[in-house]
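# Fold and geometry: a report
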Amino acid sequence: MRKTLEFEVRDHVFLRVIPLMGVGRALKPRKLTPRFICPYEILKRVGEVAYQIAFPMLLANLPDGAFMYWLTAIYGLNKLEQRKVLWKDLDSLNIQGPWILAGDFNNVLCSQDRIGGKDVHESGFKDLEEMMKNNNLTEMPSNGDYYTWSNKHHIGTIYSRIDKILGNTDWFQDHMDYSLQILPPNVSDHSLLFLQHQDTPQTRHKRFKFLNCLTDTELYSQIVHTNWNEPIEETSKGIIQAE
């Protein structure tokens with residue numbers, strides 16, 4: 001059950017974290033595994049359900065203090081009317097520059113985003129869709145499971161895609177080498193979102209293609225004869241490459 005919490009300016013809040021290892025596999029909870037970090041001071045209230053906190057430079061990972069992008073963490077409440085207030089608050093921020101929103105929106109964006117449970121109607125997502133349109137936000141494509149939440153019931157199972165990452169045009173242009181992986185939920189009913197930088201982009205080897213029309217060119221026979229008689233390195237690798 002989600003609780004409706006309210007805070008005041010200068011209150012301090014903890015951020016919940018889930019340590020990852022390797023390719024994003026969640027660590028098993030241990031006695032010394034951190035579950036919450038800081039607290040952070042609330043700088044101001046933005047609308048009715050959103051707050052701005054003093055985000056630490058340590059977590060920002062900024063090279064030489066240069067600004068990279070705005071990050072908004074999302075936690076959508078159960079009631080649609082409360083989420084509508086959140087979308088309105090986000091719309092009023094008027095963010096300039098690269099912007100990414102990540103977390104539990106508790107809201108689908110189309111009928112495909114839910115299997116089981118209540119039918120999906122346009123009235124349930126049009127306000128979120130409008131906020132995204134006003135701010136040039138797009139949902140980031142993902143790899144892995146499509147659905148990010150399940151009630152885990154054996155009877156009357158419901159699957160929903162309510163955890164997501166949104167970004168504006170500026171953010172996607174600056175982060176084209178990032179990918180989003182949906183990780184297994186483990187003990188939680190929500191899947192983990194793992195945003196990963198592709199340090200070494202995979203290169204696909206193109207197949208060799210020969211166009212028959214090349215044989216009709218004037219110097220075709222001469223070029224083939226010249227290159228065929230070129231000496232090659234006397235190794236199996238060199239022979240394979242030359243062929």
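Quantities reported herein were computed from a predicted structural model and do not represent experimental measurements.

### Some remarks on the sheet that holds strand β15 (residues 192-197)
- Taken in spatial order, the three strands of this open sheet run β10-β14-β15, and their pairing is mixed. At either end of the open sheet lies a strand with only one pairing partner, and these are β10 (142-144) and β15. Neighbouring strand axes in the sheet, compared pairwise and without regard to direction, differ in orientation by 35 degrees on average.
- When strand β14 (residues 178-183) meets β15, the two strands line up antiparallel, connected through six bridges. For Leu180, the partnering residue across the bridge sits in β15 and is Leu195.

### Thoughts on the nonpolar core
- In terms of nonpolar packing, the biggest core is built from 15 residues, with Leu90 and Leu101 touching the most fellow members.
- Elements with a minimum of two residues in this core: α2 (80-91), β7 (99-104) and α3 (126-134).
- In this structure Leu101 touches Thr72, Ile74, Leu90, Leu137, Lys164, Ile165 and Leu166, once residues within four positions along its chain are discounted.
- Grouped together as the second largest cluster of nonpolar side chains are six residues, Ile100, Met140, Trp171 and Ile182 included.

### Topic: the confidence of the model for the chain
- Considering every residue of the chain, the mean pLDDT works out to 79; 71% of them sit at 70 or more.
- Overall, residues 21-29 carries pLDDT values under 50, and its contacts beyond four positions in sequence, including any with other chains, amount to 13 contacts.
- Across residues 234-243 the pLDDT falls below 50, and counting only partners more than four positions away or on other chains, this stretch makes four contacts in the model.

### Structural notes on the pattern of salt bridges
- Scanning all chains against the criterion turns up three salt bridges.
- The partner of Glu81 in a salt bridge is Lys84, with the nearest N and O atoms 3.6 Å apart. Separated by three residues within a single helix, Glu81 and Lys84 lie in helix α2, roughly one turn from each other.
- Under the relative-accessibility criterion, Glu81 is labelled exposed at 52%.

Rules and cut-offs
- Note on numbering: residues in each chain are counted from 1, in written sequence order.
- Residues qualify for local features only when their pLDDT is at least 70, as the model is predicted, and side-chain atom pairs are given and counted only at 80 or more; totals for whole chains, interfaces and linings, by contrast, use all residues.
- No hydrogens and no water enter the side-chain calculation; it runs on all heavy atoms of the structure.
- Note on pairing: two strands pair once DSSP finds at least 2 bridges between them.
- Only DSSP runs of H or I with at least four residues qualify as helices, and only runs of E with at least two residues qualify as strands; both kinds are numbered from the N terminus onward.
- Lines fitted to C-alpha atoms define the axes here, with helix axes fitted over just the stretch in contact, and angles between the N-to-C directions of these axes take values from 0 to 180 degrees.
- In plain words, nonpolar cores are sets of buried Ala, Val, Leu, Ile, Met, Phe, Trp, Tyr and Cys residues tied together by side-chain atoms within 4.5 Å.
- Type-normalised accessible area, obtained with a 1.4 Å probe on protein chains alone, sets the label of each residue: buried when under 20%, exposed when over 50%, and partly exposed for intermediate values.
- Any two residues whose heavy atoms approach within 4.5 Å at even a single point are treated as in contact.
- Confidence scores here are pLDDT values: one per residue, from the predictor, ranging 0 to 100.
- Only one rule defines a salt bridge in this text: a Lys or Arg side-chain nitrogen within 4 Å of an Asp or Glu carboxyl oxygen.

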